[in-house]
Each structure stands twice: as structure tokens, then as C-alpha cells.
Amino acid sequence: MLQHRAKTDPFPVPSSPAITPKSPRDPRIDVFRGLALVMIFINHVPGNPYEYLTIRNLGFSDAAEAFFLMSGIAAGLAYTPRFMQAQRNKRGLWRAIAPLWKRAWSLYVVQITLSACALGIFAAAYRLTGRTELLTRINMRQVFHNPTEGLIGVPLLTHQFGYVNILPAYSVLLVCAPVAIYLGLRRPRLLFLLSLTLWMFTGIFRLNLPNYPNPGGWFFNPFAWQAIFVCGLLVGLGQRQGKPFFPQSRPLFWASVTFLILVLTWKYVPGLGAFLNLQMHHLAQAGVPFNITSHDKTFLAAPRFLHILALGYVLSQLAVVMRFSAHRYTAPLRLIGRHGLLIFAAGTVLALACQALMIAQPDAVWMAWILPLVGTVALLTIALLAEASRRNLSERVHVEI
């Protein structure tokens, strides 16, 4: 029966032997994920001087786009084998789907915990300082001024606080990831085309999930941001099968480099940015969809989308990047990247605490210089403790076996 279905399947999937032998963990994934997490933490403490060292100063995209791209790659590498035909025949489809949905549930739990921590941090800061603006920062007004509706929205994920709004979109994408992986193994180009089509229609028709009790939709719109995640997923799927989705191409490489240079001049050459933005405005008036002609983050406007893809492609093609990622000096970033969810959660709590301290003590200029450094060291310490705990647990299980 299974063999007959495989022969008549219009979308045949490779069996497990088609997967290339498991290779050592790619250090680039951990390094760039760790770098993205550190940059997210720094950017979540507004007003500090280290913001000028983050990726958003290189172009239109920022660490959030890098986070989604790396998350897609990691998902493709981690979950693909279970969806291969031989594994599905042996263990069943549910064994492939369950880990993704379990991870999505973990993200939901972390999101609710972080939301509670955010409320506690700003409420405590208000009680200590009496500064009422603490109760209206980062979209908390509804909870403190309209708690009935605000507290309904928090567990539904429709009401999200600023700087605590990445995980909901990522969780939604993981819930949908089984379908994407299943299709990506069979028809990766079709998955890519469908993803881009959804991204385009999202901008044209302003598709989004509700933001109850506020108007509007999610800041990280999953209908749009899935495009970055799917691009990363296709990279991971291709790497698992030894068939890169985005091939090595000298013309594509130099086109990406040219675009990155254009973006830099767009941002920093006096007068050029205003001129190019005016041309984008003219295109918008001519009827071109706004997610092509704007820099909107919620709908992942084309300049942001193309920038992170070009940057990711260029970095993936440079041998020096692999050597840099494997160097002992980048070990701290690799360590942080290996414990992504823990570090993201800890970084969010630390960033919110830093924000509350800086709001409570606006004259303490030194905080903008010291707190981000202290927080970064704290994140590395947490990663070291997590790694030591994992090794101890692994050794204990090995001894017991």
C-alpha cells in the first residue's frame, strides 16, 4: 500500500538515504544567532551608544530580520529528517509534527512569562518612583488603565507589549512549519513562490492578526514575516539534502554586494536618501503596493526584505566568514547562539529592567553606557551556566546508562 502510494504521489519526497551524512554543526548558525541576540538586547535598551554598532546601521533591516532568518535555517536543519519518507513510514507523521508544535507551545509559555515580567518590572518601578509614564510605556496603557480587556488580550496574544512581541509571530510560524517542511521537501520552488505570494497579498490587502483591545494588528505580522522564515527554512532543507536552494552564483553574489552598497549610500550619502525615497513615493502614487515602496517593518517592506537576503547571501559565500565563525574568539557568540530561547528571554527581562531604571533615573547618563555592558556579560554568564548544566545532565545520563 505504501509503495503504491509512493509511485502515484504527484509530489514524491526523497527517502532518508537521500540526506547527506550528518556533518559537524555549522558554527555560522550559532555565531550569527548569538550576534543577533546580543544586538536585540542592545537595541531593546533605547538611547545607549552601542546601538550604533548593531546591524540596523548597515542598512534597512535589523537584528529582528536576522533572528527570523536564522530561526528558519535552524528549523530546517533540525526538523527535516523526521519528515523524510523513510522516517515517516517508520515512526509516523505525528512524530515529525509533534516536536514543532511542542516548541511552539514552549514559545507561548515563555511569551506569557515575559509579559508578566514586563508588567511586574514597570509596576514596581512606578511604585518606587511615582513616575506615571512608566504605566503607559511599551503599550502597557491598556492593562493598567483598562485591565479587563487588556488582560484578555495578553493570553490570546492579541495584546503584546513593545520589545516583547517577537515570539508570538515565531510561535505561529512553527505551528504552520509542518506544512511548509512537507511541501518544501517535495516542491521547494513552489513553497518559495507561495510564500512570496502571501507576502505580496499581505501588503496589498493589509492582512494581519487582530491586536485586541487596540486597533490595528501585530507589530511582527506573521503573514509577512513568514517570507524571511521560509527563506531560512529552504536554506536549512537544502543543506540537509545536500542541494542548496540558493546556489553559488558569481552574478548573484555581485548583485547582492551592489545592492548592499546602494543601501549604504541610500542611508548615508546626503541628499541621495531623500531623492530615492521620493522616487518610492512616486511609485506608490502610481499604484505600486506599499510593501514595495515603503520601509514598513510590520509588513516587511521590500527594502528590508531584500537587504537581509542580500546580506545573508553575501556572508554565506565568503570563506572568511566560516573561519571567523569557527575561531576561538567567537566562542562566546557561539555559546549564546546555542541557547537561543533562554538568552532571548533573559535578554528581554534584562532590557526591560534597564529601560525602567533609565526612565526612573533620567539624569543618570552613565546608565546608558554601563547597563548594556553589564547586561551582555550577564547573558554570557547565563549561557555558560546553561551549557555547564547541559553537559552535567548528559554525563549523568551516560553514567546511568
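**A word on the confidence of the model for the chain**
Across the chain, the average pLDDT comes to 92, with 93% of residues at 70 or higher. The spread of mean pLDDT over the elements of the chain runs between helix α1 (residues 2-8), the lowest at 41, and helix α9 (residues 188-205), the highest at 98. Throughout residues 1-21 the model reports pLDDT below 50, and contacts reaching past four residues in sequence, or to other chains, amount to 32 contacts.

**Describing the packing of helix α8 (residues 167-186) against α9**
At a closest axis distance of 5 Å, the pairing of α8 and α9 adopts a crossing angle of 130°. In this view, α8 runs oblique relative to α9, as classed from their interaxial angle. Of the residues in α9, those in contact with A180, L183, G184 and R186 of α8 are P188, L190, L191 and L194. For the contact of α8 with α9, the residue count by class is 6 nonpolar, 1 polar and 1 charged.

**Focus: a nonpolar patch on the surface**
On the surface, L198, F201, I204, F205 and L207 cluster together into a nonpolar patch covering about 430 Å² of accessible area. You can see L198 is positioned in helix α9.

**Overview of the state of the cysteines**
Considering all chains together, one arrives at 0 disulfides under this definition. Residue C117 stays outside any disulfide, its sulfur separated by 14 Å from that of C354, the closest cysteine. With relative accessibility at 7%, the residue C354 sits in the buried group.

**Comments concerning the nonpolar core**
Core analysis: the biggest nonpolar cluster contains 100 residues, and F68 and F161 have the highest contact counts within it. With residues near it in sequence (within four places) discarded, F161 still touches S115, A118, L119, I138, N139, M140, V143 and V154.

**Let's talk about the pattern of salt bridges**
Overall, the coordinates contain 10 salt bridges when judged by the stated rule. For the salt bridge of E65 with R304, the shortest nitrogen-to-oxygen distance reads 2.7 Å. With E65 in helix α3 (residues 63-83) and R304 in helix α14 (residues 302-317), the pair connects residues that are 239 residues apart, well separated along the chain. Judged by relative accessible area, which is 9%, R304 ranks as buried.

So, how was this worked out
- Residues numbered from 1 in each chain as written.
- Predicted model: local features only at pLDDT ≥ 70, side-chain atom pairs only at ≥ 80, totals over all residues.
- Heavy atoms only, no water.
- pLDDT = per-residue confidence, 0-100.
- Helix = DSSP H or I, 4+ residues; strand = E, 2+ residues; numbered from the N terminus.
- Contact = heavy atoms within 4.5 Å.
- Axes fitted to C-alpha atoms, helices over the stretch in contact; angles between N-to-C directions.
- Parallel < 35°, antiparallel > 145°, perpendicular 65-115°, else oblique.
- Nonpolar A, V, L, I, M, F, W, Y, C, P; charged D, E, K, R; others polar.
- Patch = residues over 30% accessible without salt bridge, like charges linked within 9 Å, V, L, I, M, F, W, Y side chains within 5 Å.
- Areas by Shrake-Rupley, 256 points an atom, 1.4 Å probe, with all protein chains shown as cover.
- Salt bridge = Lys/Arg side-chain N within 4 Å of Asp/Glu carboxyl O.
- Disulfide = S-S within 2.5 Å.
- Buried < 20%, exposed > 50% of the residue type's maximum accessible area, 1.4 Å probe, protein only.
- Core = buried A, V, L, I, M, F, W, Y, C linked by side-chain atoms within 4.5 Å.

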